[in-house]
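Summary of structural features
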Amino acid sequence: MSDSLLSGLNPEQLEAVTLPHQSALILAGAGSGKTRVLTTRIAWLIQSGRARPLNLLAVTFTNKAAREMLTRITSMLPINPRGMWIGTFHGLCNRLLRAHYRDAGLPQSFQILDSADQLSAVKRLMKRLNIDDEKFPARQLLYFINGNKDAGLRASRIEASDDISRRMTEFYSAYDEQCNREGVVDFAELLLRSYELLASNASLRDHYRNRFSHILVDEFQDTSSLQYQWLKLLAGRDSAVFAVGDDDQSIYAFRGANVSNMQSFERDFAIGKVIKLEQNYRSHGAILDAANALISQNRGRLGKNLWTAEGRGEPLRLYQAASDFEEARFIVDEIQNLRRDGVGLSDIALVYRSNAQSRVLEHALFNAALPYRVYGGLRFFERQEIKHALAYLRLIANPDDDNALLRVINFPPRGIGARSLEQLNDAAAAGKVSLWQAAARESGIGNIGGRGSGIGSRGCGKVNKGLAAFVGLIEGMRSACAGLPLPEIIDHVIETSGLKTHYQNDREGADRLENLGELVNAATSFVREAGDVEDMLSSFLAHASLEAGEHQAGAGADALQLMTVHSAKGLEFHTVFISGLEEGLFPHENSALEPAGLEEERRLMYVALTRARRRLYLSFAQSRMLHGQTRYSYESRFLREIPEELMQKLLAPALSFNSGRFRSGRETSGSFALPGQSRMRAALSQPTAGSQWNIGQNVVHPKFGAGVIVNAEGRGSDARVQVSFYDAGVKWLALEYARLSAA
DNA sequence: CTAGCTGCTGTTTTT
DNA sequence: CAGCAGCTAG
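Small disclaimer: the values here were computed from a predicted structure and weren't measured. (Residues numbered from 1 in each chain as written. Chains lettered and ligands numbered in written order. Predicted model: local features only at pLDDT ≥ 70, side-chain atom pairs only at ≥ 80, totals over all residues. Heavy atoms only, no water.)

All right, on to the overall build of chain A then. Check the secondary structure of chain A and you find 29 helices and 21 strands. Expressed as a percentage of the 743 residues in chain A, the buried residues total 53%. In chain A, 75% of the contacts between residues at least 6 apart in sequence involve partners at least 24 apart. In the structure as shown, chain A presents an accessible area of about 33300 Å², 49% of it carried by carbon and sulfur atoms. (Helix = DSSP H or I, 4+ residues; strand = E, 2+ residues; numbered from the N terminus. Buried < 20%, exposed > 50% of the residue type's maximum accessible area, 1.4 Å probe, protein only. Contact = heavy atoms within 4.5 Å. Areas by Shrake-Rupley, 256 points an atom, 1.4 Å probe, with all protein chains shown as cover.)

The structure is reproduced here in structure tokens:
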């Protein structure tokens with residue numbers, strides 16, 4: 001039995017799977033069988049009687065990964081792994097807080113704010129506190145709050161040294177008060193609250209420590225400081241923590257991931273020996289060599305070198321395009337060739353650094369009638385009509401949820417406008433109550449008999465009729481839904497809220513109606529799978545927040561896969577196209593300035609390269625439409641970090657740029673003189689006409705080094721040029737002062 | 001109160 | 001280019 005479970009594992013994988021009861025760190029390279037090791041370890045622990053499902057906690061970063069883990073385990077083991085806690089950090093924390101809501105100081109039906117909800121909560125509070133959004137942009141306050149929560153810091157523990165951080169800390173504190181009043185928690189709060197729950201409640205902590213003798217963590221390099229502290233708290237002296245990760249694939253530092261958790265883990269958990277999984281079962285040799293060469297440029301790595309038993313395979317294919325448009329055309333041509341050679345479309349991925357880049361690719365694919373699927377769009381539970389329906393449901397579960405109330409109090413339109421809302425807001429602020437309570441009070445429902453003597457009762461005018469109707473609507477829904485099964489509740493809400501009628505009357509409402517129907521279906525399957533849950537409505541609402549749903553329909557079809565490098569992590573394809581390999585785009589200009597940012601970009605590139613099994617295309621465009629204007633750039637420095645002998649340079653079919661001169665940007669004006677280019681630039685080169693400077697010209701600046709002129713404006717003493725520097729980014733320079741010289 | 005217009009500002013992403 | 005916030009006209 002055990003043999004079949006373990007057969008086919010290589011020695012390192014086998015060692016990891018069958019480690020004795022101790023904490024361990026598995027450094028698992030891309031394509032080295034990481035998920036297999038993790039799931040086989042769990043199956044082995046259970047099958048060999050070393051642990052019962054009840055004793056296991058496994059944490060992943062995405063719901064998808066959690067689902068996959070569960071599927072694999074159930075396919076390996078005949079038993080039902082119920083009792084196991086498998087999920088994301090947020091999902092597990094939610095489970096903990098629901099079970100112990102009283103100890104955590106939360107109302108039983110607390111609701112979860114997703115990031116969009118959180119942003120609107122922040123904006124709402126800013127209005128209420130009269131905070132100048134010029135001085136404190138909502139985003140900045142949001143980052144401040146989330147950053148501190150991710151670091152485990154409450155407002156009361158922040159030591160503000162300057163005025164700005166003092167005011168942000170005050171805001172943070174007010175924000176938390178608002179959330180508590182409304183009975184809602186944001187994503188970061190789920191973690192912090194459950195951390196505090198475990199930290200302050202020794203008997204609870206001991207209970208879980210005794211229970212979870214094995215804790216397994218996937219994608220450990222992506223854990224935040226708070227998540228790591230949470231793990232440390234949950235792991236008792238006798239718990240074994242099995243952490244699997246790859247420091248080279250850490251690409252989420254920008255949202256709080258802390259790679260140094262890996263080193264801390266080695267120290268804190270006294271890890272004697274790190275097991276390295278370095279055999280790659282995915283890619284051909286040339287692809288791996290390229291990835292290894294690139295990532296070796298990063299400093300402070302834990303150290304690891306992927307190898308494969310497969311042959312070298314094809315070289316990488318490099319293409320220089322004159323424009324993004326032409327780059328897309330090249331990709332389409334190659335795809336058509338691949339298709340002729342029998343490569344399935346769904347086994348081909350087009351990956352890029354940022355979502356905006358998909359547009360030009362989509363356009364070309366559409367014209368070529370090639371089916372494709374873009375990942376990363378709006379997801380099911382994030383759709384407007386779904387959010388509206390969910391908001392009504394949230395009000396049934398918890399009427400104090402001001403976010404939910406504001407979303408639907410006038411949707412569909414029922415005559416409650418800005419003025420009424422302002423009054424309501426003032427009343428709520430004055431009484432320190434939720435908008436709902438203020439509305440109930442104003443409309444007379446909150447204090448029956450207190451409607452006054454009729455005449456002269458201030459604030460009971462026309463406006464409040466609308467409020468009263470709304471309060472009545474929600475109250476009516478709540479009583480009508482009591483005791484109903486979840487799908488019927490949702491059906492009832494869609495009907496009585498007026499959402500159905502509204503979208504029926506909307507010419508473009510057909511899709512939205514269909515999605516609302518789909519919401520009822522989603523609820524039906526949720527009820528079927530959830531089994532025996534106490535508060536089905538709240539569970540479903542939490543599910544909707546924590547798992548935003550599949551990106552888009554049409555997953556099964558044979559279509560090209562378009563996605564950002566971030567969303568490509570964990571996937572593999574026969575052929576991968578990485579496009580837009582330009583300085584400023586990949587590496588992104590906002591990250592390239594500081595070394596840490598550049599290294600993260602390089603890891604991102606490493607992730608992109610290692611997605612390919614057999615064929616890898618790298619391409620860049622010399623000009624690209626960005627934010628509505630044409631932008632000129634150099635090829636990405638990452639291309640220079642891949643050994644030349646691994647790459648085959650492809651020539652443009654119709655154009656004759658300097659073949660074999662891909663690295664010529666600094667020395668010559670190269671292909672900036674292409675006919676197509678000068679036509680596009682004709683209007684822009686006018687301002688500098690007659691001067692010694694021209695667009696496309698290579699220049700040297702004493703401080704910023706080499707660059708190329710990409711734009712120009714003004715004349716005489718006002719003349720300014722925009723220069724894209726090789727190392728220093730894109731800058732506007734006044735010709736009168738900048739000591740530019742021609743290169 | 002709502003609809004339509006103008007002006008501004010833009011990474012990456014999961015939960 | 002495009003999505004959103006804020007303003008103005010009906």
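Moving on to the protein's contact with DNA strand C. Near DNA strand C the following residues occur: K123, D133, R359, H627 and G628. Counting only the atoms of DNA strand C that lie within 4 Å of the protein, the sugar and phosphate share comes to 44%. Interatomic distance of 2.8 Å between a side-chain N/O atom of R359 and a phosphate oxygen of DNA strand C. At 3.4 Å from a base nitrogen of DNA strand C is found a main-chain nitrogen or oxygen belonging to H627. (Near = heavy atom within 4 Å. Polar contact = N/O pair within 3.5 Å; in protein donor to acceptor, adjacent residues only side chain to side chain.)

A separate point is the sheet that holds strand 6 (residues 214–217). What the six strands build is an open sheet, ordered 3-2-6-7-1-8; its pairing is parallel. This sheet does not close on itself; its edge strands, each paired only once, are strand 3 (85–88) and strand 8 (275–277). Averaged over neighbouring strand pairs, the angle between their axes works out to 15° when direction is ignored. Summarising the sheet, strand 1 (residues 24–28) and strand 8 pair through three bridges and their orientation is parallel. By the bridge assignment, L27 is partnered in strand 8 with K276. With respect to the sheet, helix 12 (residues 261–268) is in contact with strand 1 and strand 7 (240–245), its orientation differing from that of strand 1 by roughly 150°. (Pairing = 2+ DSSP bridges. Axes fitted to C-alpha atoms, helices over the stretch in contact; angles between N-to-C directions.)

Right, let's get into the nonpolar core. Counting residues in hydrophobic clusters, the biggest one holds 63 residues, and the most contacted among them are V122, F171, Y175, I215, F220, W230 and F265. I215 has contacts with L57, L231, L234, A235, A240, V241 and F242, leaving out every residue within four places of it along the chain. Core analysis: the second largest hydrophobic core is formed by 48 residues, L405, A428, I489 and L541 among them. (Core = buried A, V, L, I, M, F, W, Y, C linked by side-chain atoms within 4.5 Å.)

Moving on, we come to the confidence of the model for chain A. Counting all residues, the mean pLDDT for chain A is 85, and 85% of those residues have values of 70 or more. Throughout residues 447–463 the model reports pLDDT below 50, and contacts reaching past four residues in sequence, or to other chains, amount to nine contacts. Across residues 654–685, where pLDDT falls below 50, the model places 59 contacts with residues more than four positions away in sequence or in other chains. (pLDDT = per-residue confidence, 0-100.)

Let us look at the environment of L424. Secondary-structure assignment places L424 in helix 18 (residues 418–431). Here L424 falls in the buried class, since its relative accessible area comes to 1%. Residues L424 and L435, 11 residues apart in the sequence, show an inter-C-alpha distance of 6.6 Å. Contact partners of L424, with chain neighbours within four places excluded, come to I409, L435, A438, A439 and L467.

Right, let's talk about unusual backbone geometry for a bit. What is expected of a backbone is that most residues other than glycine have negative phi and most peptide bonds are trans. Note that the residue after F411, namely P412, is joined by a cis bond; omega there is -5°. With respect to the helices and strands, P412 occurs in the loop between helix 17 (402–408) and helix 18. P587 follows F586 through a cis peptide bond whose omega is 10°. With respect to the helices, strands and loops of the structure, P587 is situated in the loop between strand 13 (573–578) and helix 26 (589–592). Located in the positive-phi region is A369, a residue other than glycine, with phi close to 55°. Among the secondary structure elements, A369 is positioned in the loop between helix 15 (358–367) and strand 11 (372–374).

Next up on the list: the pattern of salt bridges. Summed over all chains, the structure comprises 47 salt bridges. We note a salt bridge from D347 to R613, for which the minimum N-O separation is 2.6 Å. Of this pair, D347 sits in the loop between helix 14 (324–340) and strand 10 (348–352) while R613 is found in strand 14 (residues 612–626), placing the two residues 266 residues apart along the sequence. Judged by relative accessible area, D347 falls into the partly exposed class, the value being 22%. As a salt-bridge pair, R603 and E600 come within 3.3 Å of each other at their nearest N and O atoms. Of this pair, R603 and E600 both sit in helix 27 (residues 595–609), separated by three residues, roughly a single helical turn. For R603, a relative accessible area of 11% gives the class buried. (Salt bridge = Lys/Arg side-chain N within 4 Å of Asp/Glu carboxyl O.)

Here we take up the protein's contact with DNA strand B. Residues in close proximity to DNA strand B total 30 residues, the closest being N63, S115, G417, T564 and S591. Within 4 Å of the protein, the contacting atoms of DNA strand B are 49% sugar and phosphate, with bases supplying the remainder. Take T88: an N or O atom from its side chain is 3.4 Å from a sugar or linking oxygen of DNA strand B. Taking N355, its side chain carries an N or O atom lying 2.9 Å from a phosphate oxygen of DNA strand B. Sorting elements by how many residues they give to the surface near DNA strand B places helix 18 first, with three residues. Of the residues in the surface near DNA strand B, the class split is eight nonpolar, 17 polar and five charged. (Nonpolar A, V, L, I, M, F, W, Y, C, P; charged D, E, K, R; others polar.)

With that settled, consider the packing of aromatic side chains. The geometry of an aromatic ring pair comes down to the distance between the two centres and the angle between the two planes. Going through the model one piece at a time under the given rule, you end up with 18 aromatic pairs. Pairwise contacts between aromatic rings join F220, Y228, F265 and F269 into one cluster. The lysine or arginine in question, R98, covers the ring of F110, its NZ or CZ lying 3.8 Å from the ring centre. It is R373 that lies over the ring of Y375; its NZ or CZ is 4.2 Å from the centre. (Phe/Tyr/Trp six-rings, centres within 6.5 Å; stacked < 30°, edge-to-face > 60°. Lys NZ or Arg CZ within 6 Å of the ring centre and 35° of its normal.)

Those residues of helix 15 lying buried are S358, L361, A364 and L365. Projection of helix 15 onto a plane perpendicular to its axis shows the buried side chains occupying an angular sector of 135°, all on one side. Counted as exposed and oriented over 90 degrees from the buried face of helix 15: R359, F366 and N367. Those residues of helix 15 that are buried lie in contact with helix 14, strand 10, strand 11 and strand 12 (560–564). Downstream of helix 15 by one or two residues, A369 has phi in the positive range, about 55°. (Arc of directions from axis to C-beta.)

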